[in-house]
Amino acid sequence: MHIFHTIAEVRAWRREQESVAFVPTMGNLHEGHLKLVEAAKQRAARVIVSIFVNRLQFGQGEDFNSYPRTFDDDCQKLITAGADALFFPNEQELYPRVKQDFNVEPPHVQNELCGAFRPGHFRGVATVVCKLFNIVQPDVACFGKKDYQQLHIIRAMCADLNIPVEIVAVDTGRAEDGLALSSRNGYLTADERAKASRLYHNLCVIRDALVAGEHDYASLEQTAVADLVAHGWQVDYVEIRQADTLEIAHAGEKRLVILAAARLGKPRLIDNLEVFI
Ligand code: PAF
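Now for a description of the structure that goes with this document. None of these values were measured; they are calculated from a predicted model.

Glancing now at helix α9 (residues 198–211). Here α9 is 14 residues long and its end C-alpha atoms lie 20 Å apart, about the 20 Å a rise of 1.5 Å per residue gives. For α9, the complete set of buried residues consists of L199, Y200, N202, L203, C204, I206, A209 and L210. Along its buried surface, α9 packs onto α10 (217–230), β7 (234–242), β8 (255–263) and β9 (268–276). In the segment just after α9, G213 is the residue with positive phi, at about 105°.

Below, the discussion takes up the site of the ligand. In the region of the ligand, the neighbouring residues are P24, T25, M26, N54, Q57, V128, V129, F143 and Q150. Q57 is positioned with one of its side-chain polar atoms (N or O) 2.6 Å from an oxygen atom of the ligand. Between an oxygen atom of the ligand and a side-chain N or O atom of Q150, the distance comes to 2.7 Å. Here the ligand loses 88% of its free accessible area of 290 Å² to cover by the protein chains.

Turning next to helix α1 (residues 7–15). Buried residues of α1: I7, V10, W13 and R14, and no others. Angular distribution of buried residues about the axis of α1 spans 130°; they occupy a single face of the element. Across from the buried face of α1, at angles greater than 90 degrees, the exposed residues are A8 and R15. Elements that come into contact with the buried residues of α1 comprise β1 (2–4), β2 (20–25), β3 (46–51), β4 (85–87), α4 (91–94) and α6 (121–136).

Another point: the packing of aromatic side chains. According to the stated counting rule, one finds eight aromatic pairs in the structure shown. Ring centres of F58 and Y67 lie 5.8 Å apart, and the angle between their planes is 75°; on these two criteria the pair is classed as edge-to-face. Exposure remark for F58: the relative accessible area of 10% places this residue in the buried category. When the centroid spacing of 4.2 Å and the interplanar angle of 25° are considered together, the rings of F71 and F88 count as stacked. Pair noted here: F71 is in helix α3 (residues 71–81) and F88 is in the loop between β4 and α4, with a separation of 17 residues, a long-range link. For F71, a relative accessible area of 25% gives the class partly exposed. Judged by its relative accessible area of 26%, F88 falls in the partly exposed class. Among the aromatic residues, ring-to-ring pairing joins F22, F133 and F143 into one connected group. Taking NZ or CZ as reference, R69 lies 4.9 Å from the ring centre of F64, over its face. In this structure, R255 packs its charged tip against the face of F276, placed 4.2 Å from the ring centre.

Definitions and cut-offs
- Residues numbered from 1 in each chain as written.
- Predicted model: local features only at pLDDT ≥ 70, side-chain atom pairs only at ≥ 80, totals over all residues.
- Heavy atoms only, no water.
- Helix = DSSP H or I, 4+ residues; strand = E, 2+ residues; numbered from the N terminus.
- Expected span 1.5 Å × (residues − 1).
- Buried < 20%, exposed > 50% of the residue type's maximum accessible area, 1.4 Å probe, protein only.
- Contact = heavy atoms within 4.5 Å.
- Near = heavy atom within 4 Å.
- Polar contact = N/O pair within 3.5 Å; in protein donor to acceptor, adjacent residues only side chain to side chain.
- Areas by Shrake-Rupley, 256 points an atom, 1.4 Å probe, with all protein chains shown as cover.
- Arc of directions from axis to C-beta.
- Phe/Tyr/Trp six-rings, centres within 6.5 Å; stacked < 30°, edge-to-face > 60°.
- Lys NZ or Arg CZ within 6 Å of the ring centre and 35° of its normal.

As far as function goes, none of this settles anything; it's purely spatial.
See the structure below:
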C-alpha cells in the first residue's frame, strides 16, 4: 500500500489510475470503516483511504486532542483490507494558512439535529471533504450511513457545487447487540458498553411502531427520550425526519429516518434507522 503525505504525491498517483474510489476517515479504523473499503473496492480499479483528524469539525471542549490516533494499527488493517493507497497529511499540508478564508457553508440543515449541538461541525466536515475531493479527484466516495446528516450534506454539496463524485452510502456496521460501530465507543467503560445498545433498541421500537401504522411521531420521540433518560443517558435528540431531505416529517410520510444522539458517560453516540413504509 502506498502511503502519501503530500498533495503532490496523491495527484501524481491519481493521474496514473483509471478509476479511483475514495474512503475519507479520521483513523482509528474499525469494521465499519473496513466495510467502506470493501464497498469502494467493488466500485473502482483502485481504492485510496485518507486519515486526517480534522480540527475544523471539532468544537471547543470536544475531543480533538484526545481523539484516538492509531496509525500503525490502521495501516495494518488497510493492507489486510486491500486498500491501494493511504493519504495521511499533516495539518500544515491541508491547512497551510492555519485558518482558511474560504469554507464550504452548508444550508440550514447544518444547524439542526447534530448541528444544533455542534455549531460549525458540518461546515468543518463539508470544507475538508471538498478539499479532499479536489486533491484525490475520485470517481466514487464511500460514506457510512451512521453519519446520516453528514452523508446528506455531502450529497447536497456535490449536487449544488457540481462536484463529479458519486457518493455511495454504506450500511452502518453494528456489534452483535446492535450498537453502531464508532471510534468513540472506545471511550465507554465496560459497564456503559453493556448498556450502550439501548440507543439502537429505542430506534427499533420506534421503527416497529411506524411500520405498524403509528403516526404520532412526537409521542414516539418523547417515549424514547424518557426511556434513555431513565437509563442514565443524556439525550440531545431523538427525531423522526424525512429520509431524503431531513426535513420535519408529517404524519403518513413513507420514507422516514429516525435519528438520535445521546451521551452515555463520556462519549456522545449517534445512530439512525431508515424506515421505508
Ligand atoms: O466521518 C468522518 O470520519 C469525518 O467526518 C470525515 C468525513 C472523514 C471528514 O473529516
